[in-house]
Amino acid sequence: MKNIKLRRATANDVDTFLALEKSVIGPKTYSGILEKDEAEKEMAENIVYLIEADNLVVGSIQYVIERDGVVYLSGIVIDPNYQGQGIAKQATEILIKEIGDVKKIHLATHPHNIPAIKLFLSFGFIIDGWKDDYFSDGEPRIVMVKVK
């Protein structure tokens, strides 16, 4: 098992964050960020962490506090070269502990993104709904919720 840690991203990390996003774009299961200004906006509006495995950046995970006690998990990306190693699970566990005692955490993921669905189910999320064209990319998403 790798030594996983989360490091809060800064404005200096925008190119790294953008490269991670671009590394997973392609399949219809992920509607990622393609432009630097989009990455800067995401980093300004969300709490973004870079995921480091043995001191190498291998992914990102981000969330936003929507209102008191409600958190939206806005993204998790693992570089394709490091997928399937349990890194997303470890990073999600760290993040959920950091978020702490909130009423609800919710997210949206593509219904064909089976690894993500299994990951979030393993943390007690439930499937709470279906939304067509959720990100205006023509693809549906399922909404998953973890209520404490």
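Computed from a predicted structure; not experimentally measured.

Visitor: Help me out: how do you make sense of the packing of helix α1 (residues 14-24) against helix α2 (residues 36-45) in this one?
Guide: Helix-helix packing: each pair is described by the crossing angle between the helix axes and the interaxial distance. Two elements in contact, α1 and α2, have axes separated by 9 Å at closest approach and are oriented at 110°. Judged by the inter-axis angle, α1 sits roughly perpendicular to α2. Touching V14, D15, F17 and L18 of α1 are K36, A39, E40, E42 and M43, all from α2. Residues belonging to the contact of α1 with α2 are distributed by class as follows: 5 nonpolar, no polar and 4 charged.

Visitor: What's the story with the environment of A116 in this structure? I'm lost.
Guide: Inspection of the secondary structure assignment puts A116 in helix α4 (residues 114-122). Between the C-alpha atoms of A116 and N46, which are 70 residues apart in sequence, the distance is 20 Å.

Visitor: Would you mind showing me how to read the pattern of salt bridges here?
Guide: A side chain of one charge can pair with a side chain of the opposite charge if their charged atoms are brought near each other. The full count for this structure, using the stated rule, is 8 salt bridges. Residue K97 is joined to E93 by a salt bridge in which the shortest nitrogen-to-oxygen separation is 3.9 Å. Of this pair, K97 and E93 are both found in helix α3 (residues 87-99), 4 residues apart, which corresponds to roughly one turn of the helix. A salt bridge links D137 to R141, with the shortest nitrogen-to-oxygen separation between them at 2.7 Å. Owing to a relative accessible area of 2%, R141 belongs among the buried residues under this scheme. Counted as one network, the salt bridges with shared partners bring together K5, R7, D13 and E52.

Visitor: Help me understand the environment of M144, please; the structure alone is not making it clear to me.
Guide: Here M144 lies in strand β7 (residues 141-147). On the basis of relative accessible area, M144 is assigned to the buried category, the value being 0%. Considered as a pair, M144 and A91 are 53 residues apart in the sequence and their alpha carbons are 18 Å apart. Ignoring sequence-local partners within four residues, the contact set of M144 consists of I105, H106, L107, T109, I117, F120, L121, F125, I126, I127 and D128.

Visitor: Teacher, can you tell me more about the sheet that holds strand β4 (residues 70-78) here?
Guide: Note on sheets: strands pair through backbone hydrogen bonds, and any given pair is parallel or antiparallel. An order of β1-β2-β3-β4-β5-β7-β6 is seen for the 7 strands of this open sheet, with the pairing classed as mixed. Each edge of the sheet is formed by a strand with only one pairing partner; in this case those strands are β1 (4-8) and β6 (126-131). Sheet twist, expressed as the mean angle between neighbouring strand axes with direction ignored, is 30°. Alignment of strand β5 (residues 104-109) against β7, held across 6 bridges, turns out to be antiparallel. Each bridged residue has a counterpart across the sheet, and for L107 the counterpart in β7 is M144. Contacting β2 (47-53), β3 (56-67) and β4, α1 runs over the sheet at an angle of about 95° to β3.

Rules used in this analysis
- Residues numbered from 1 in each chain as written.
- Predicted model: local features only at pLDDT ≥ 70, side-chain atom pairs only at ≥ 80, totals over all residues.
- Heavy atoms only, no water.
- Axes fitted to C-alpha atoms, helices over the stretch in contact; angles between N-to-C directions.
- Helix = DSSP H or I, 4+ residues; strand = E, 2+ residues; numbered from the N terminus.
- Parallel < 35°, antiparallel > 145°, perpendicular 65-115°, else oblique.
- Contact = heavy atoms within 4.5 Å.
- Nonpolar A, V, L, I, M, F, W, Y, C, P; charged D, E, K, R; others polar.
- Salt bridge = Lys/Arg side-chain N within 4 Å of Asp/Glu carboxyl O.
- Buried < 20%, exposed > 50% of the residue type's maximum accessible area, 1.4 Å probe, protein only.
- Pairing = 2+ DSSP bridges.

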